[in-house]
Amino acid sequence: MNDALIILENLSIGYNGQPVLSGISLSIARDSFTAILGANGSGKSTLIKTLLGLLSPLAGRIDTNQSSTGAPLVFGYVPQAGQFDPIYLLTGFEVALMGTYGRVRPGHFIPSAERAFTRECLRAAGAQEFAREQFSELSGGQKQRVLIARALATRPDVLVLDEPTAGVDAEATHTVLEFISRTRMERQIAVLLVTHDFAAIRHHARQILWLHHGKVLQGAPDELLTPERMAEIFEIGIS
Amino acid sequence: MMASLSHILSPDFLLRNSVYTSVLIGFSCPLVGVFLVMRRLVFMGVALPQVSSTGVAIALSVPLWLGVKLSGHPSESAHMLAFIGSMTFSLLAILALAFMERRGRGQPEGRLGTAYVVAASLSILVLSKNPYGELGWLDMLKGEVITISDFDLVLTAATLTLVLATLGLFHKELLLISFDRPMAITLRKNVVFWDVLLYLLIGLTVSMAVLSVGPLIAFGFLLIPALAAHLFARNMRQFTMLASLCGGASAFLGFWIAYQYDLPVGPTDVVLLGVLYAAAWFIAKLLP
């Protein structure tokens, strides 16, 4: 329990009372890097939305430990970059600054220290060059960097990323995953990352959650991402 | 033309309350209109003023239904009654429509269209059976901005000041829940509270605008300045300021033109806003 930030016990998740995944029991440790894999519609996004409190579980429970400061756990959420409405005239900096809103009371101005910290997060995410440009006009990869900076600006205990490399080329994918791995180690935060790209993630993740046919298979990349195990998962033979 | 301008600007001008109220509404409506445009609730900007005006019609008919006599002209008590009716209907409608929007079932345009047409028909039905309807209340619903008392002006100014102060104070929270609701939830913001606050501000502004200038003009000021400003603005501050300036300036200019050429003020304002929007669209297309 001491090392576990999040514990899921016999969790059942889904929409409108219809379960997508059932009987999920697992724990997310501090300083861990967990990749969530699975086909489209397997429940990857449903799982992270439930963890973030955006959806209520259908059954079971989620226990969250306190952060190292004794405060409630802070999630830094990086949603898919394409979901934002371009009608909002916000710069990359203004989007990243939203990460600090959890620490600034309603009706108060954002202190200069928080602005400076946001700039630091943008710099760390390699997004300082385009931070003054319109967020809606940035490329997919640039938006992802701004959103990662925003998540870092929350001072998270857990970084939750929903397909951060979707629509990003192989080189940029490598750079983004390297950055996330480095950030996890430097800031000692847990990382939960949803992806389809198991080839890229196997070098970074310490734990894999593979969602398949309503169940969660878990293990280390070396155990789960072997040709034999993958063939078993997909119920096909190996020639 | 300049003589009529000096008349309007004179402190002794007979219709000065109408000028002040028009300009107040012109400056304020776009500030909440910006949120309607950003949240893609433009049709709500059409339906809501109409529902609000139905609230006025029903509230003003309640004394008649209860057998209580009111004075022939809209008095302060009648105005307060109208304000309560307008506010109640605006809030109930906006909360009901927002709730259905959140559930995500059916067609939002269909719901808003139905709300608009039913509200408009209900207003006509209620007023057709109300002898007071011919004594000024229809004028109020149409937006004849000429009979604004000191009490109306003070009530409008006080309400709009409250709306502007709240919008300014909680701008970052209202922007966050509009731009990225899931992020707001993960930051442990009470999104339902902030949603309700925003709807309350929209409802208050719409109610005041409908009472002062009528549903058609309220719709014009809510949306057209915000749509025009979005063509040129580069950030949220510019967007809000430009929309508000466009609304305020159009309200004053519209009043001036209407006074000069003896036209009804409200429709003049809306046509002027339409012309400005068209001009803004062409200019934006020409710009690199």
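The structure this text deals with has already been given above.
In this report, we go over the structure that sits alongside the text. (Residues numbered from 1 in each chain as written. Chains lettered and ligands numbered in written order. Predicted model: local features only at pLDDT ≥ 70, side-chain atom pairs only at ≥ 80, totals over all residues. Heavy atoms only, no water.)

## Comments concerning the overall build of chain A
Secondary structure assignment for chain A yields eight helices and nine strands. In terms of overall dimensions, chain A is globule-like: its C-alpha atoms have a radius of gyration of 18 Å, near the 18 Å expected for 239 residues. Over its C-alpha atoms, taken along the principal directions, chain A stretches across nearly 55 × 40 × 35 Å. Evaluated residue by residue, chain A yields a buried proportion of 51% over its 239 residues. Sequence-distant contacts, at least 24 apart, represent 67% of the contacts inside chain A between residues at least 6 apart. On chain A, roughly 11000 Å² of surface is accessible, and the fraction owed to carbon and sulfur atoms is 48%. (Helix = DSSP H or I, 4+ residues; strand = E, 2+ residues; numbered from the N terminus. Rg over C-alpha atoms; globule rule 2.2 N^0.38 Å. Buried < 20%, exposed > 50% of the residue type's maximum accessible area, 1.4 Å probe, protein only. Contact = heavy atoms within 4.5 Å. Areas by Shrake-Rupley, 256 points an atom, 1.4 Å probe, with all protein chains shown as cover.)

## A word on the sheet that holds strand 2 (residues 18-29) of chain A
Residue and element names in this part refer to chain A. Strands sit in the order 2-1-4 across an open sheet of three strands; the sheet is antiparallel. The sheet terminates laterally at strand 2 and strand 4 (59-64), the two strands that pair on one side only. Averaged over neighbouring strand pairs, the angle between their axes works out to 15° when direction is ignored. Seen against the sheet, helix 1 (residues 44-52) touches strand 1 (4-15), strand 2 and strand 4 and runs at an angle of roughly 120° to strand 1. (Pairing = 2+ DSSP bridges. Axes fitted to C-alpha atoms, helices over the stretch in contact; angles between N-to-C directions.)

## As for the side chain of Q134 of chain A
You can see Q134 of chain A is positioned in the loop between helix 3 (112-124) and helix 4 (140-153). Here Q134 of chain A is in contact with Y88, L89, L90 and T91 of chain A together with R234 and N235 of chain B, once residues within four sequence places are set aside.

## Re the packing of aromatic side chains
Under the counting rule described, the total for this entry stands at seven aromatic pairs over all chains. Measuring from ring centre to ring centre gives 5.2 Å for F170 of chain B and W194 of chain B, while their planes differ by 55°; the resulting arrangement is tilted. In this pair, F170 of chain B is assigned in the loop between helix 7 (150-169) and helix 8 (171-179) and W194 of chain B in helix 10 (residues 191-213), connecting sequence segments 24 residues apart. When its relative accessible area of 6% is taken as the criterion, W194 of chain B is described as buried. In textbook terms, an aromatic cluster arises when at least three aromatic residues are bridged by ring pairs, as seen for F84, Y88 and F135 of chain A together with F179 of chain B. (Phe/Tyr/Trp six-rings, centres within 6.5 Å; stacked < 30°, edge-to-face > 60°.)

## Considerations on a nonpolar patch on the surface
Residue and element names in this part refer to chain B. A cluster of nonpolar side chains, L231, F232, L242, W281, F282, I283 and L287, forms an exposed patch at the surface whose accessible area comes to about 640 Å². No other element matches helix 13 (residues 265-286), which puts three residues into the nonpolar patch. Taking the relative accessible area as the measure of exposure, F232 reaches 32% and is therefore partly exposed. (Patch = residues over 30% accessible without salt bridge, like charges linked within 9 Å, V, L, I, M, F, W, Y side chains within 5 Å. Salt bridge = Lys/Arg side-chain N within 4 Å of Asp/Glu carboxyl O.)

## Here we look at the pattern of salt bridges
A full pass over the atoms with the stated rule returns nine salt bridges over all chains. Between R61 of chain A and D63 of chain A there is a salt bridge, with its nearest N and O atoms 2.9 Å apart. In this structure, the salt-bridge partner of D85 of chain A is R40 of chain B, at a minimum N-O distance of 2.7 Å. One end of the pair, D85 of chain A, is in the loop between strand 5 (75-78) and helix 2 (92-97); the other, R40 of chain B, is in the loop between helix 2 (16-38) and helix 3 (42-66), on a second chain. Linked by salt bridges that have partners in common, R39, R181 and D195 of chain B make up one network.

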